[in-house]
Amino acid sequence: QVQLVESGGGLVQLGGSLRLSCAASGFTFSNYHMRWYRQGPDKERALVAAISPTGISTNYADSVKGRFTISRENAKNTVYLQMNSLKPEDTAVYLCNAGSLTANYWGQGTQVTVSS
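This is a predicted model, so every value here is computed, not measured.

Enquirer: If you had to explain the nonpolar core to someone new, which residues and values would you point to?
Expert: Formed by 28 residues in total, the largest nonpolar core has its most connected members in Met-34, Trp-36, Val-79, Leu-81, Met-83 and Tyr-94. Of all the secondary structure elements, the ones that give two or more residues to this core are β3 (18-25), β4 (33-39), β5 (45-51), β7 (68-73), β8 (78-83), β9 (92-99) and β11 (110-115).

Enquirer: Requested: an account of unusual backbone geometry, with residues and values cited.
Expert: For Lys-43, which is not glycine, the phi dihedral falls at a positive 75°. Relative to the assigned elements, Lys-43 resides in the loop between β4 and β5. The exposure class assigned to Lys-43 is exposed, which follows from its relative accessible area of 65%. Residues other than glycine seldom take positive phi values, yet Asn-77 does so here, at roughly 50°. Here Asn-77 shows up in the loop between β7 and β8.

Enquirer: Describe in detail the side chain of Arg-38, supporting the description with residues and values.
Expert: Structurally, Arg-38 can be placed in strand β4. At 3.4 Å, the side chain of Arg-38 and the side chain of Ser-63 are in polar contact. Those residues in contact with Arg-38 that sit more than four places away from it in its chain are Glu-44, Arg-45, Ala-46, Val-48, Ser-63, Val-64, Phe-68, Glu-89, Asp-90, Ala-92, Val-93 and Tyr-94.

Enquirer: So, the pairing of β4: which residues are in play, and what are the values?
Expert: In terms of strand pairing, β4 meets β9 through seven bridges, oriented antiparallel. The residue of β9 that forms the bridge with Gln-39 is Val-93. Where β4 meets β5, six bridges bridge the pair, whose relative direction is antiparallel. When the bridges of β5 are listed, Gln-39 appears paired with Arg-45.

Thresholds applied
Residues numbered from 1 in each chain as written. Predicted model: local features only at pLDDT ≥ 70, side-chain atom pairs only at ≥ 80, totals over all residues. Heavy atoms only, no water. Core = buried A, V, L, I, M, F, W, Y, C linked by side-chain atoms within 4.5 Å. Buried < 20%, exposed > 50% of the residue type's maximum accessible area, 1.4 Å probe, protein only. Helix = DSSP H or I, 4+ residues; strand = E, 2+ residues; numbered from the N terminus. Polar contact = N/O pair within 3.5 Å; in protein donor to acceptor, adjacent residues only side chain to side chain. Contact = heavy atoms within 4.5 Å. Pairing = 2+ DSSP bridges.

Okay, structure coming up:
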């Protein structure tokens, strides 16, 4: 019954913007850290952004700092990733992750493609 469902991916041009959403259900969302990972053509998964349970603390990979913003609405059980100034190297499958001390859950991912 635990579900993480990503949406909002697509094809954009260099310099464009995209907003990803991850809708969660089946667990106490407000108790979990939420993270966005991405998996590029090289198949390696990397952390993009993270946000604490209340949304007070955020962390970003150096490669996206200043361009991406992670946020959450606990009342909607949803975490977002606003992506601006997109580059071809941002092309990847973006995966939503929920983590606590005792559990980790993953979504299936949404494809983001940035063309030159």
